[in-house]
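Observations on chain architecture
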Amino acid sequence: MKHGGSGGRSRPTPLLEVRDVTVRFGGVVALDAVSFDVAPGEICGLIGPNGAGKTTLFNCLSRLYAHHTGEIRFDGRALGALPQHRMAGLGIGRTFQNLALFRTLTVRQNIAVGATCRRGTGWLAHTLRLPSVLREEAEQAARVDELIELLQLRDVASVPASELPFGTQKRVELARALAMQPRLLLLDEPACGLNHHEVGELGSLIRTLRERFALTVLLVEHHMGLVMQLSDKLVALNFGRKIAEGTPAEVRRDPELIAAYLGAPAQAEART
């Protein structure tokens, strides 16, 4: 399960390739030679106890952190030398565990910020208000309207983000990430702070978004019911090291993963 083959089945070329990625903070190894792939259209769950290295890996993928060794490739392109602001243009979008909305801006304005991240026309064209700029702005406005409807935000579209309930703010942040037209969507603890009903709606929504926008999804999530039900495959980390990889059914039986969550006695029990 950790390094096994595909049993003779061919897999598509990965959209995301993580190869032997290591990150150190002083003498602490946050990621220790982590490797895995994510195929186009796949929902991959990244799981593990607190401090396992999940958010560190996300920060490497979005270029908030630089990795010390190894390589990360997106659609065949190495990301290591690219600046953070290029990620949206490449097609990588992200939400955050701690909301990163512009609190004084309205819902519509927050989502529009995401749409402008994929702007193709240059500053001179905008200064001159060329026809290409007007077309692009009309397309961006239509995209924002589509996301407002899809994520059921129409009734709060003109409300400042700071005045919204936490669950609604999570949907606004998701809409902003989708406005960037990502091919790979990184979801950092999307169920954090949601009630049972909202978690159920979130799982259905992520599946809908994958189909509608042809997304590949990598999510960090502690809500094991959601991640087991939603993911096509799981990658489990502990103390910065990959300890399991496979389908949810395979990973949930892995003795090392059980030990990581429940302690060493559980590992011995799992082997009996």
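Report follows, based on the coordinates.

Rules used in this analysis
- Residues numbered from 1 in each chain as written.
- Predicted model: local features only at pLDDT ≥ 70, side-chain atom pairs only at ≥ 80, totals over all residues.
- Heavy atoms only, no water.
- Core = buried A, V, L, I, M, F, W, Y, C linked by side-chain atoms within 4.5 Å.
- Buried < 20%, exposed > 50% of the residue type's maximum accessible area, 1.4 Å probe, protein only.
- Helix = DSSP H or I, 4+ residues; strand = E, 2+ residues; numbered from the N terminus.
- Domains from an automatic or database assignment.
- Contact = heavy atoms within 4.5 Å.
- Pairing = 2+ DSSP bridges.
- Phe/Tyr/Trp six-rings, centres within 6.5 Å; stacked < 30°, edge-to-face > 60°.
- Axes fitted to C-alpha atoms, helices over the stretch in contact; angles between N-to-C directions.
- Parallel < 35°, antiparallel > 145°, perpendicular 65-115°, else oblique.
- Salt bridge = Lys/Arg side-chain N within 4 Å of Asp/Glu carboxyl O.
- Patch = residues over 30% accessible without salt bridge, like charges linked within 9 Å, V, L, I, M, F, W, Y side chains within 5 Å.
- Areas by Shrake-Rupley, 256 points an atom, 1.4 Å probe, with all protein chains shown as cover.

**Let's talk about the nonpolar core**
- In this structure, I111, L151, L153, L174, L178 and L209 are the most contacted members of the largest nonpolar core, which totals 34 residues.
- Elements with a minimum of two residues in this core: α3 (107-116), α5 (131-150), α6 (166-179), β7 (184-188), α7 (196-213), β8 (216-220) and α8 (224-230).
- Ranked by residue count, the leading element in this core is α6, at 6 residues.
- Each of domain 1 (1-91 + 182-272) and domain 2 (105-181) gives at least three residues to this core.
- Residue contacts for L209: discarding those within four places in its chain leaves L150, L151, L174, L178, A214 and L215.
- Of all hydrophobic cores here, the second largest spans 30 residues; its members include A30, F36, M87 and L218.

**Considerations on the pairing of strand β3 (residues 43-47)**
- Counting buried positions along β3 yields 5 of 5 residues, so the element is predominantly enclosed.
- Covered by surrounding structure in β3 are I43, G45 and I47 together with C44 and L46, the residues of both alternating faces.
- Bridge count between β3 and β8: 4 bridges; the pairing is parallel. Bridge assignment links L46 to a residue of β8, and that residue is V220.
- Two elements, β3 and strand β9 (residues 233-238), share 4 bridges in a ladder whose sense is parallel. Along β9, the bridge assignment pairs I47 with A236.

**Brief notes about the packing of aromatic side chains**
- Inspection of the entire model under this criterion finds 1 aromatic pair.
- Geometrically, the ring pair formed by F25 and Y65 is edge-to-face, given 5.4 Å between the ring centres and 75° between the ring planes. A residue pair is termed long-range when its members are at least 10 positions apart, and F25 in strand β1 (residues 16-25) and Y65 in the loop between α1 (54-61) and β4 (69-74) qualify at 40 residues.
- Relative accessible area serves as the criterion here: at 40%, F25 is assigned to the partly exposed category.

**Considering the packing of α6 against α7**
- Viewed as axis vectors pointing N to C, α6 and α7 meet at an angle of 10°, and their least axial separation amounts to 13 Å. As far as their axial angle goes, α7 and α6 are roughly parallel. Note on element contacts: α7 touches α6 through E198, L205, L209 and F213, opposite G167, L174 and L178.

**Digging into the sheet that holds β3**
- Taken together, 6 strands build an open sheet; the order of strands is β6-β7-β8-β3-β9-β10 and the sheet is mixed. With partners counted over all chains shown, the strands left at the sheet margins are β6 (92-94) and β10 (241-246), one partner each. Shown here is a sheet whose adjacent strand axes are inclined to one another by a mean of 20°, direction ignored.

**Description of the pattern of salt bridges**
- Counted by the stated rule, this structure contains 14 salt bridges.
- When the shortest N-O distance is used, the salt bridge between D75 and R183 registers 2.9 Å. Highlighted residues: D75 in the loop between β4 and β5 (77-78) and R183 in the loop between α6 and β7, separated in sequence by 108 residues.
- Notably, a salt bridge pairs R210 with E211, separated by 3.5 Å at the nearest N-O pair.
- You can call E211 exposed: its relative accessible area is 60%.
- Three or more residues are tied together by salt bridges with common partners; here these are E17, R19 and D37.

**Side note on a nonpolar patch on the surface**
- There is a patch of nonpolar side chains on the surface, built from F25, V28, L64 and Y65 and spanning about 340 Å² of accessible area.
- We classify Y65 as partly exposed; its relative accessible area is 32%.

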